[in-house]
Amino acid sequence: MTHIDAGPELDPVHPRPLPSRATGLTGAEVEERRARGEVNDVPLRSSRSLSEIVRANVFTRFNAIIGVLWLIMLAVAPFQDSLFGYVILANTGIGIIQEWRAKKTLDSLAVIGEAKPTVRRDGVATAVSTSEIVLGDLIEIGPGDKIVVDGECAEADGLEIDESLLTGEADPVVKQPGDPVMSGSFVVAGGGAFTATKVGREAYAAQLAEEASRFTLVQSELRTGISTILKYVQWMMIPTAIGLVISQLVVKEHGFKDSVARTVGGIVPMVPEGLVLLTSVAFAIGVIRLGRKQCLVQELPAIEGLARVDTVCLDKTGTLTEGGMDVSELRPLNGTEFGEEYVAQVLGALGESDPRPNASLQAVIDAYPAAEEWRCTEALPFSSARKYSGAAFSEGDGTTSAWLLGAPDVLLPAESPALAEVDELNRQGLRVLLLARVGGKHDSLSDPAAKDDAEPAALVVLEQRLRPDAGDTLRYFAEQDVKAKVISGDNAVSVGAVAAKLDLPGAENTVDARTLPADQSAMADKLDEGTVFGRVTPQQKRDMVAALQSHGHTVAMTGDGVNDVLALKDADIGVSMGSGSEATRAVAQIVLLDNSFATLPSVVAEGRRVIGNITRVATLFLVKTVYSVLLALLVVCFQVEYPFLPRHLTLLSTLTIGVPAFFLALAPNKERAKPHFVKRVMRYAIPGGAVAGIATFVMYMVARHYYTGSDALNAETSAATLTLFLISMWVLAIIARPYTWWRVCLVAAMGLGFLLVLAVPWLQDFFALKLVGAVMPWTAVGVSVVAAAVLEFLWKWVGRRFPV
């Protein structure tokens, strides 16, 4: 609340005292503080540094295992048996390059989307980047601005700050000069200025805000699931590898070096090394694709999270409608003494009294010029919780008056006949404000009782501009079985009419949020039934998100206003418009820099592509891990040479996993994301790997009994390799479904690649693959056909027996 006394020293445009207005630091003082290092030097990064990217991609547990084995193979075996090491180098390089590209995309978008605080220096207000603020700077703030450093309030014009993100207290705190302000809080009403008292890393909450908005590759079900799988793989690998080393060194009929090579050949394929790489690459490419559409992903798993969303909570203003509005009609109410010309003067004065108007008041300002002879003596800024603003004036003829402008159903008693007129306008999708005169018996407009006996003067009818892309986006969500809930502070009937114009299913189910039960479970039931909710307070938005989550929903919240901040923070995914307040952009995981609601389907599509495809290719990688472990165990139990050299498994992995997985991971995929990643992958990988491992070992043992002579092991290896390749190709053919022309071509190309190796003599020698005779090769084909039939049966049986 601010009282402004009329007098000659007031500026007629912005009626606030100018002589007492602080001028802020001088240019010399700013330079002096910079020289002393008193600068807000907390780096605001949206991504990892290049060194962190290199470290994350190079120094991994499995790279260390593969690296040691690679060095061993370089020492004891031919070049072709160490090819797997070069594949790992190439994979790591690809991962670094893709994430570096994603980093550059994110950094450039972060600069575009960065909000610049306004500091007052030498009496002039200037926008600067957050990192340029120095100790002692005077920083101006208004509704929606985030407090970026700790400070002390210097000026207050009805200033209310929400500190709930720091303290947990939901009610805004009214600030007066001298009061502390905390970094990480944000302005909900009024305006003012504060002096920076702590900058840089001394402002602890600023560090927390930086950490929260940093680019990250963690905290997603996908990556957590992969980490869980890799942990179990590691524990399986260690005893199996030890047993394999001992058994192969004991069975040394073909020499020490050959035994070492076959030991390494058994260990290397147990490592699903490409799985982590492909996940990172898929996420990174998703960031780059979305970046081209002016979508800033502040937390990488947000791509995955939005794909899992089943409920989207939409704020009407700025999401379904554009921010601007137009006054379409002014209706003086019957029975009042106020004429239209006088009402227009009042509205002009009200618009002039607020230096930081919201969209509704801006429409009034655009329609009604300021009354030059009116002086503002008291101002009450608009608050989402109050749903009205006001001002008191000394009019040109010396009389005084006080006025409120806001929601009719808040300012009028329930029995008021004017509400019927308001409801009719709301049903047409129009927004209606009530102008009411306050009686003189109240000391302050901030007194809640001031509105109770306010005299209605006129209705201000505003026409909202629908976003041209909103209807298509809502239809997309409906087709994808994602429920859209419109949650707005406006009148429920008006919001429902807007939603109906956009053909939102269930738009007729409007609910006034003031009637919602406080109990979370009961509220969740009402939310499941309804679609459009009006007169929602900021705290209610937060409660509604929590209620939906309590019913197992994955909730996304969109918004652009300061009243959306708490709900955005608590939602599973927060989506902010680029033109929204600084506070909403700070807490949202996704920022639509072009303010286009139509970008959301692209984000959902990217998330679905990543999750669906990684789930698909993870099965390929883990089938290989399972059959590698199983083959190693069977070799140890039967005390025979391991059937493969590293070159054989490099060839198989490249043709049946590496190359096809890369294309499958980046392919379009519109399948809705499903939970339980680990269970979903392992229920197919275990039986698939078991069938491949057992069938290959059976063929190997049959070949051992068939072939004799000095070169028998090579012939046995070739027969086992053919068997494993054919079974792995069948697994690939199953994973690639449903077929499209390019997927059929991909599978066929991998098959032709293997035939090329078998047909070209120098490739036969390079990969030590030569099929001997006709009996064993055709036997391998027969075993593979049986294994393929078993795979088909198991795939269908698992789908029925273990649904996820």
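For the structure given in this document, a descriptive report is provided here.

## Looking at the overall build of the protein chain
Secondary structure summary: the protein chain contains 27 helices and 22 strands in total. The C-alpha extent of the protein chain, read off along each of the three principal axes, is 120 × 60 × 40 Å. Counting every position in the protein chain, which comprises 804 residues, the buried fraction comes to 57%. A sequence separation of at least 24 residues applies to 73% of the contacts in the protein chain between residues at least 6 apart.

## Re a nonpolar patch on the surface
On the surface, L71, L74, F79, Y86 and L89 cluster together into a nonpolar patch covering about 500 Å² of accessible area. Of all the secondary-structure elements, those providing two or more residues to the nonpolar patch are helix 3 (61-76) and helix 4 (83-113). You can see F79 is positioned in the loop between helix 3 and helix 4.

## Things to note about the packing of helix 7 (residues 221-250) against helix 21 (residues 600-638)
Where helix 7 contacts helix 21, the two axes come as close as 9 Å, and the packing angle between them is 20 degrees. Comparing their axes, helix 21 and helix 7 come out roughly parallel. Considering how the two elements wind past one another, helix 7 and helix 21 form a crossing that is left-handed. Contact residues: helix 7 offers L222, I226, I229, V233, T240, G243, L244, S247 and Q248, while helix 21 offers V610, I611, I614, L622, T625, V629, A632, L633, V635 and V636. Of the residues assigned to the contact of helix 7 with helix 21, the class counts are 14 nonpolar, 5 polar and no charged.

## Some words on the packing of aromatic side chains
Applying the stated criterion across every chain, the model contains 12 aromatic pairs. Geometrically, the ring pair formed by F662 and F663 is edge-to-face, given 6.1 Å between the ring centres and 90 degrees between the ring planes. The exposure class of F663 is partly exposed, given its relative accessible area of 46%. Ring-pair connections join several aromatic residues into one group, and the members of that group are Y342, W374, F393 and W403. Cation over ring: K231 sits above Y232, and NZ or CZ is 5.6 Å from the ring centre.

## Focus on the environment of D594
Relative to the helices and strands, D594 is located in the loop between strand 22 (590-592) and helix 21. The exposure class assigned to D594 is partly exposed, which follows from its relative accessible area of 37%. It is 8.1 Å that separates the C-alpha atoms of D594 and K293, two residues lying 301 residues apart in sequence. What D594 contacts, discounting residues up to four positions off in sequence, is K293, Q294 and T599.

## What to know about the sheet that holds strand 18 (residues 510-512)
Hydrogen bonding along the main chain pairs the strands of a sheet, whether they run parallel or antiparallel. On the basis of which strands lie adjacent, the open sheet formed by 8 strands has the order 9-22-21-20-10-17-19-18 and mixed pairing. What marks the edges here is a single partner per strand, and that holds for strand 9 (295-297) and strand 18. For this sheet, the mean inter-axis angle between neighbouring strands, taken without regard to orientation, is 20 degrees. The pairing of strand 10 (residues 311-314) with strand 20 (residues 555-559) spans 4 bridges and is parallel. Paired with T311 across the bridge in strand 20 is V555.

## Description of the packing of helix 24 (residues 712-735) against helix 25 (residues 741-759)
Between helix 24 and helix 25, the least distance of the axes is 11 Å, while the angle of their chain directions is 170 degrees. Overall, the two elements helix 24 and helix 25 adopt an arrangement that is roughly antiparallel. Two secondary-structure elements touch here, helix 24 through T721, L722, F725, M729 and L732 and helix 25 through V747, M750, G751 and F754. A class-by-class count of the residues in the contact of helix 24 with helix 25 yields 7 nonpolar, 2 polar and no charged.

## Points about the pattern of salt bridges
Using the criterion set out here, one finds 26 salt bridges in the structure. Measuring nitrogen to oxygen at the nearest pair gives 2.4 Å for the salt bridge that ties D472 to R475. With D472 and R475 both in helix 15 (residues 470-479) and 3 residues apart, the pair spans about one turn of that helix. Measuring nitrogen to oxygen at the nearest pair gives 2.9 Å for the salt bridge that ties E641 to R704. Residue E641 is located in the loop between helix 21 and helix 22 (646-665), and its partner R704 is located in helix 23 (residues 677-706); the two are separated by 63 residues in the primary sequence. Each of D409, D512, R514 and R535 takes part in salt bridges that share partners, so that together they form one network.

## Examining helix 14 (residues 418-427)
Where helix 14 is concerned, the buried positions are A418, L419, V422, L425 and N426. Angular distribution of buried residues about the axis of helix 14 spans 120 degrees; they occupy a single face of the element. Exposed side of helix 14, more than 90 degrees from the buried face: A420 and R427 are the residues found there. G429 sits one or two positions beyond helix 14 and adopts a positive phi of about 80 degrees.

Criteria and thresholds
Residues numbered from 1 in each chain as written. Predicted model: local features only at pLDDT ≥ 70, side-chain atom pairs only at ≥ 80, totals over all residues. Heavy atoms only, no water. Helix = DSSP H or I, 4+ residues; strand = E, 2+ residues; numbered from the N terminus. Buried < 20%, exposed > 50% of the residue type's maximum accessible area, 1.4 Å probe, protein only. Contact = heavy atoms within 4.5 Å. Patch = residues over 30% accessible without salt bridge, like charges linked within 9 Å, V, L, I, M, F, W, Y side chains within 5 Å. Areas by Shrake-Rupley, 256 points an atom, 1.4 Å probe, with all protein chains shown as cover. Salt bridge = Lys/Arg side-chain N within 4 Å of Asp/Glu carboxyl O. Axes fitted to C-alpha atoms, helices over the stretch in contact; angles between N-to-C directions. Parallel < 35°, antiparallel > 145°, perpendicular 65-115°, else oblique. Left-handed = near helix turned anticlockwise from the far one by under 90°. Nonpolar A, V, L, I, M, F, W, Y, C, P; charged D, E, K, R; others polar. Phe/Tyr/Trp six-rings, centres within 6.5 Å; stacked < 30°, edge-to-face > 60°. Lys NZ or Arg CZ within 6 Å of the ring centre and 35° of its normal. Pairing = 2+ DSSP bridges. Arc of directions from axis to C-beta.

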